[in-house]
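Notes for the structure review
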Amino acid sequence: MSECIFCMVAKGEIPSRTVYEDDSVLAFDDIAPQAPVHTLIIPKTHYADLSDDVPAALLGSLFSVAAQVAVIKGIDKSGYRVIVNSGPDACQTVHHLHVHVIGGRPMSHGMVNFADRP
Ligand code: 5GP
Ligand code: ZN
């Protein structure tokens, strides 16, 4: 999957601002942040989306790291949104599973507008 941009980020072939890294997971800042904090968490192994037979332990790691990212970014108390866009109707644009952590400002009530994207 060398053409996958997040596989390339995971291998260091595309530069990114690392927030957290371990053997299986990488967290890095989004290139087009929708809020003061907008970090993406990816498995280092390629999975297209949430329906790609992702091992439960890896899903646990992704969400555990989301909480750690909130602490690292200092938004664990103020609050944050954790979002996974999976598939066409969710407007997933990068087809390597990723978890968004978005915060640092109040967001509007409800879930329909992803991070209040304009
Ligand atoms: P999706 O819409 O698929 O849920 O989110 C994809 C996210 O990846 C978008 O928020 C977009 O800004 C981000 N993104 C796309 N390409 C790159 C890149 O090369 N580097 C980084 N850091 N983020 C990217
Ligand atoms: Zn990939």
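Residues numbered from 1 in each chain as written. Chains lettered and ligands numbered in written order. Predicted model: local features only at pLDDT ≥ 70, side-chain atom pairs only at ≥ 80, totals over all residues. Heavy atoms only, no water.

1. Re the pattern of salt bridges
Once the charged atoms of two side chains with opposite charge are near each other, the side chains can pair. Counting across every chain of the model gives 3 salt bridges. Notably, a salt bridge pairs D29 with K73, separated by 3.0 Å at the nearest N-O pair. One end of the pair, D29, is in strand 2 (residues 25–29); the other, K73, is in the loop between helix 2 (56–72) and strand 4 (80–83), with 44 residues separating them in the sequence. For K73, a relative accessible area of 31% translates into the label partly exposed. Where D76 meets K77, a salt bridge forms, and the shortest distance between an N and an O atom there is 3.1 Å. (Salt bridge = Lys/Arg side-chain N within 4 Å of Asp/Glu carboxyl O. Helix = DSSP H or I, 4+ residues; strand = E, 2+ residues; numbered from the N terminus. Buried < 20%, exposed > 50% of the residue type's maximum accessible area, 1.4 Å probe, protein only.)

2. A closer look at a nonpolar patch on the surface
A cluster of nonpolar side chains, F63, Y80 and V82, forms an exposed patch at the surface whose accessible area comes to about 230 Å². For Y80, the location among the structural elements is in strand 4. Given the relative accessible area of 31%, Y80 is considered partly exposed. (Patch = residues over 30% accessible without salt bridge, like charges linked within 9 Å, V, L, I, M, F, W, Y side chains within 5 Å. Areas by Shrake-Rupley, 256 points an atom, 1.4 Å probe, with all protein chains shown as cover.)

Honestly, it's all geometry; don't read function into it.
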